[in-house]
Every structure is written in structure tokens, then in C-alpha cells.
Amino acid sequence: MYLSVIIPAHNEEKHIKKTIDSIYQYLSGKNVEHEIIVVTDGSKDSTNDIVKTAMSSIPTLQLLNYAQNKGKGFAVRQGMLKAKGEYRLFTDADNATTIDHIEKMMPYFEHGYGVVIASIGIKGADIASGSEPFWRRAFGTMGNWYIQILAVPGIKDTQRGFKMVTAKAAEDIFPKMTIDKWGFDIEMLALARKFGHKIKEVPIKWKNDPDTASHPRLSAYFEVLMETAKIRWNLLTGKYNAK
């Protein structure tokens, strides 16, 4: 298996079918050996039914259904641990970052990177009008300073929902992760550094629906700050050390 695509989904009936179709059409059109794993995390709408119906026409599609909502980090972790691909990507259900961005990301693996992430915090990124409300930009900028100081210095955007890892990096990182909610991206990157995996940020074109469940509400930013402090403490106290 060459590529695994993990899609965490919580109440994403509005977006999930279009996103699955676009990913499958792109990868099958490029003859990329792949699997698509949708991980539904306590969805109460028709997300599960839509995915089950799509499985009849998309042979590479799988569904992991968790009845209780535990968080995006939990869903991504379960998908990564289930995946079999040599490379493993997680992407948001609203398709804010389109699958063709892997063309910009894949070459970096040949240069020794274990983790390649989408970013709107570096030169070359393009944010579609209306995708990022002012309050989200302001909190994101302030929060990133804090995140860099405590956990992942040098990473300008930790929170985009489009990150790719090698199988080796996934196997090192995800079994050690503890955070189930929005701060999981930071923990993932901090662990990548801890275990010696180089990280590359790649600028993207980003267009999202501000109302999607794939992106945090205002209260989540304060949760991320608390989770970042927890990550720092875990690093300092050796919680992540291999057993």
C-alpha cells in the first residue's frame, strides 16, 4: 500500500461525499495505490450512512465508526494506527486543502523529511476570501507564538488539517499520543521532533467553510493553550519516553 488518506469526520454530512469523491477521483486518475479511511467521531447526522453508501462504488474506502465523540485527535490517531500506507495523510472533511497538494509535499520525503505539513503561515500560502475570520487569525497568530516557545519552535502553522507522515514516523508518533482534541497537532509535531523526524512546512491554497466542524470554535483556542502546556510538561517529565 502506497498512500493512506485518513479523514476525521464529526457531523460532516454537508461535505463528506464531495470530499471522498474528489480524493478518490484524483488518486485513481493518477493510478496511486491507496486507501481512504473515514473515521467518524460521534456523528449524530447522516455522515455514517453517506460513507457506507459510497463504499459500494469506491473500493478503496473504509469506515471506522466511533459512537462517542472523543475529539479530532482521537479520530486521526485511530486512523493512523489502522492505516497500512507507506505514506499517511490526514485531511479535513471539508476539503479545505485539496488532495492535489500532495504533489508539492511528496518530494520532501526523498530529502529525508518524515513529516510534511500544510501551512498558511509561510510565504507562498494563499487564503481564500472568507476562509479565515479576523478573530481566528488574531488568536491563531498569538497562539502560535506561545506554541513555538513551549513546544515546536520554528513551526509557523501547526493547525492546518492536512499533514503527511511516513509509516515509520506514524509508528513512532501516534502510539505515544495522549491528546484527543484540538491540541493533538502540536503533540504530533513535538513528538516528531523528539523522535528525530524532520518537519517541512509547505505553503498551500486554503479555502474552507468557516462553519464546518473540522475547525475550532473560539473556546477551543484556550483549550489548545492548556494542552500545549501539558505537552511541554510531558516532554520535560519523560512521559513520552520509549518503554
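Preceding this paragraph is the structure being described.
Presented here is an overview of the structure given in this document.

A few words now on the overall build of the chain. Scanning the chain from N- to C-terminus turns up eight helices and nine strands. Summarising its shape, the C-alpha atoms of the chain cover approximately 50 × 40 × 35 Å along the three principal directions. Residues counted as buried form 53% of the 243 residues belonging to the chain. Residue pairs in contact within the chain that sit at least 24 positions apart in sequence constitute 81% of those at least 6 positions apart. Here the chain has roughly 11,200 Å² of accessible surface; of this, 54% comes from carbon and sulfur atoms. On the chain, the mean spot of the 33 positive side-chain charges and the mean spot of the 27 negative ones are 5 Å from each other.

What follows is about the environment of Pro107. By the secondary structure assignment, Pro107 is in helix H4 (residues 102-109). Since its relative accessible area comes to 36%, Pro107 is described here as partly exposed. Taking the C-alpha atoms as reference, Pro107 lies 25 Å from Lys82; in sequence the two are 25 residues apart.

This part covers H4. Buried within H4 are the following residues: Ile102, Met105, Met106 and Phe109. When H4 is viewed along its axis, its buried side chains cluster within an angular range of 105° and face the same direction. Here the buried face of H4 lies against strand S1 (3-9), helix H1 (16-29), strand S4 (87-91), strand S5 (113-119), strand S7 (162-166) and strand S8 (198-203).

Spatial strand order, S3-S2-S1-S4-S7-S5-S8: seven strands in an open sheet with mixed pairing. Every interior strand has two partners, whereas the edge strands, strand S3 (61-66) and S8, have only one. Mean inter-strand twist for the sheet, computed between neighbouring axes without regard to direction, equals 20°. Here seven bridges tie S1 to strand S2 (residues 34-41), and the two strands are oriented parallel to one another. For Leu3, the partnering residue across the bridge sits in S2 and is His34.

Turning next to the packing of aromatic side chains. The description of two aromatic rings rests on the distance between their centres and on the angle between their planes. Enumeration according to the criterion identifies five aromatic pairs in this entry. Ring geometry for Tyr108 versus Tyr113: centroids 5.8 Å apart, planes at 85°, classification edge-to-face. Residue classification places Tyr108 among the partly exposed positions, given a relative accessible area of 28%. Ring-pair connections join several aromatic residues into one group, and the members of that group are Tyr2, Tyr87 and Phe109. Seen from the ring of Trp206, Arg160 lies directly overhead, with NZ or CZ sitting 4.5 Å from the centre. Sitting over the ring of Tyr113, Lys198 keeps its end group 4.2 Å from the ring centre.

What is expected of a backbone is that most residues other than glycine have negative phi and most peptide bonds are trans. If you check the backbone angles, Asn11 has positive phi at about 55° while not being a glycine. Residue position: Asn11 is located in the loop between S1 and H1.

It is worth spelling out the pairing of S7 at this point. S7 sits mainly inside the fold: five of its five residues count as buried. Across the two faces of S7 the burial is the same, with Phe162, Met164 and Thr166 and Lys163 and Val165 all buried. Bridge count between S5 and S7: three bridges; the pairing is antiparallel. Each residue of the ladder has a partner; that of Val116, found in S7, is Met164.

About the thresholds
Residues numbered from 1 in each chain as written. Predicted model: local features only at pLDDT ≥ 70, side-chain atom pairs only at ≥ 80, totals over all residues. Heavy atoms only, no water. Helix = DSSP H or I, 4+ residues; strand = E, 2+ residues; numbered from the N terminus. Buried < 20%, exposed > 50% of the residue type's maximum accessible area, 1.4 Å probe, protein only. Contact = heavy atoms within 4.5 Å. Areas by Shrake-Rupley, 256 points an atom, 1.4 Å probe, with all protein chains shown as cover. Lys, Arg positive; Asp, Glu negative; His and termini not counted. Charge placed at Lys NZ, Arg CZ, Asp CG, Glu CD. Arc of directions from axis to C-beta. Pairing = 2+ DSSP bridges. Axes fitted to C-alpha atoms, helices over the stretch in contact; angles between N-to-C directions. Phe/Tyr/Trp six-rings, centres within 6.5 Å; stacked < 30°, edge-to-face > 60°. Lys NZ or Arg CZ within 6 Å of the ring centre and 35° of its normal.

Nothing here speaks to function; it is all geometry.
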